[in-house]
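Listed here are the chains, written in short residue letters.
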Amino acid sequence: MSRWKELPAELHPHVHQLVVRLRRLKDHGELSMRHLSAKTGYSAKSWERYLNGRSLPPREAVEAIARVAGEEPTRLLALHEVASEHWGRARATAPAEPEATPGEPPRGRSRRAVAVAAAVALVLAGSAAVLLAVRLTDGPDDGGHGGAAAATASSPAAPAARSSPATYTCRVERSDGLWYAGNSRTRDAILAYGHAGPEVAEAQCLLARAGISPGEVDGIYGPNTQRAVKRVQQRHGLVVDGIVGPHTWKALRNATAP
């Protein structure tokens, strides 16, 4: 698996979630930047920008990497449209970064076509948010572990507004040699900054049991939870990226309390 750089803290959660899922598609397919370039037509330097959160990938690039990885692109494209809206707002007052290296994107796409595509994305952004919300109710998206399926029951849903905050408790007990806190029994859900739900609350409870405070157990993956995850990753010799995946779950469920 690639040793990814930490994503910029200022990224909106929807943009962060999109980049994390693209990274996992690349890792799952064991693709180098050169392979991605050859298979998608977008340069290796462009993929480095996209996968490190410095540029938002165009819709066609997202569709291309999904195709290469064998993933059904519909949900990923819906997330991309929502991420595009937030990216556009964040960059509205900042100088635009070049989106492609010379000669890219392929297939003779002109700057005018890029501008038209961006305008269409903005027009569709409002409806895309509704589309994403409807699709997420069918089942949370897969973080990319264990296959390229579009959804699994163990993966977290994107953050969503609630009419009232959910309440979580930690009922920690040991079962079959593993620790559980009563909120989720997942061992492979992918959790990252901005996610919310019972899987996040489960991780928070197990972090607290391991003697690393994530702050309030509220089911929201915020900065305190991210810092706690990085500490447990350091403690167990894992890649310190602040993202909870199968290896971090294993450490949390097997950890011996201090």
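Residues numbered from 1 in each chain as written. Predicted model: local features only at pLDDT ≥ 70, side-chain atom pairs only at ≥ 80, totals over all residues. Heavy atoms only, no water.

**Quick notes on the overall build of the chain**
From N to C terminus, the chain includes nine helices and two strands. What you see in the chain, going N to C, is helices and strands ordered as α-α-α-α-α-α-β-β-α-α-α. Here the chain holds 258 residues, and 47% of them are scored as buried. Here the contacts in the chain between residues at least 6 apart in sequence split such that 60% fall between residues at least 24 apart. For the chain, the exposed area adds up to about 13,000 Å²; of that, 54% sits on carbon and sulfur atoms. (Helix = DSSP H or I, 4+ residues; strand = E, 2+ residues; numbered from the N terminus. Buried < 20%, exposed > 50% of the residue type's maximum accessible area, 1.4 Å probe, protein only. Contact = heavy atoms within 4.5 Å. Areas by Shrake-Rupley, 256 points an atom, 1.4 Å probe, with all protein chains shown as cover.)

**With respect to the confidence of the model for the chain**
Residues shown with low pLDDT carry predicted positions that ought not to be read at fine detail. When the pLDDT values of the chain are averaged, the result is 77; 69% of them are 70 or greater. Low pLDDT (under 50) marks residues 99–109, which in the prediction has 30 contacts with non-local residues, meaning those over four places away or in another chain. (pLDDT = per-residue confidence, 0-100.)

**A look at the packing of helix H7 (residues 198–209) against helix H9 (residues 246–254)**
In contact at an axis separation of 9 Å, H7 and H9 are set at 50 degrees when each is read in the N-to-C sense. One element, H7, and the other, H9, form an angle in the oblique class. Once H7 is placed against H9, the crossing between them reads as left-handed. In this structure, H7 uses Glu199, Glu202, Ala203, Leu206, Leu207 and Arg209 to contact H9, whose residues at the interface are Trp249, Leu252 and Arg253. Here the residues of the contact of H7 with H9 sort into five nonpolar, no polar and four charged. (Axes fitted to C-alpha atoms, helices over the stretch in contact; angles between N-to-C directions. Parallel < 35°, antiparallel > 145°, perpendicular 65-115°, else oblique. Left-handed = near helix turned anticlockwise from the far one by under 90°. Nonpolar A, V, L, I, M, F, W, Y, C, P; charged D, E, K, R; others polar.)

**Some remarks on the environment of Pro13**
Examined against the element boundaries, Pro13 turns out to sit in helix H1 (residues 13–28). Considering only alpha carbons, one finds Pro13 and Tyr193, 180 residues apart in sequence, at a separation of 6.6 Å.

**Focus on the nonpolar core**
Residues Val15, Leu18, Leu22, Trp47, Leu51 and Leu76 are the most contacted members of the largest nonpolar core, which totals 30 residues. At the level of secondary structure, the elements contributing two or more residues to this core comprise H1, helix H2 (33–40), helix H3 (44–51), helix H4 (59–69) and helix H5 (74–90). Excluding residues within four positions of it along the chain, Trp47 makes contact with Met33, Leu36, Ser37, Thr40, Tyr42, Ala61 and Ile65. By size, the runner-up hydrophobic cluster in this structure holds 16 residues, among which are Val200, Ala228, Val229 and Leu252. (Core = buried A, V, L, I, M, F, W, Y, C linked by side-chain atoms within 4.5 Å.)

**So, the state of the cysteines**
Evaluated as defined, the whole model comprises one disulfide. Two residues share a disulfide in this structure: Cys170 and Cys205, whose sulfurs sit 2.0 Å from each other. Looking down the S-S bond of the Cys170 and Cys205 bridge, the torsion is -80 degrees, so its handedness is left-handed. Here Cys205 lies in helix H7 and Cys170 lies in the loop between helix H6 (111–137) and strand S1 (173–175), a separation of 35 residues in the sequence. For Cys170, a relative accessible area of 38% translates into the label partly exposed. (Disulfide = S-S within 2.5 Å.)

**Some points on the packing of H1 against H4**
The interhelical angle for the contact between H1 and H4, taken along N-to-C directions, is 35 degrees, at an axis separation of 9 Å. Between H1 and H4 lies a crossing whose hand is left-handed. Taken together, the residues of H4 that come into contact with H1 (itself represented by Leu22, Leu25 and Lys26) are Val62, Ile65, Ala66 and Ala69. Looking at the contact of H1 with H4 residue by residue, the classes come out as six nonpolar, no polar and one charged.

**Here's the deal with the pattern of salt bridges**
Tallying each qualifying case throughout the model produces three salt bridges. For Lys230, the salt bridge identified is with Glu6, shortest N-O distance 2.4 Å. Here Lys230, found in helix H8 (residues 223–235), pairs with Glu6, found in the segment before H1; they are 224 residues apart in sequence, far enough to count as distant. By relative accessible area, which is 17% here, Lys230 ends up buried. Glu202 is the partner of Arg253 in a salt bridge, and the nearest nitrogen-oxygen pair spans 2.9 Å. Remark: Glu202 occurs in helix H7 and Arg253 occurs in helix H9; sequence separation between them is 51 residues. For the residue pair Arg253 and Glu202, the accessibility class agrees, reading buried in each case. (Salt bridge = Lys/Arg side-chain N within 4 Å of Asp/Glu carboxyl O.)

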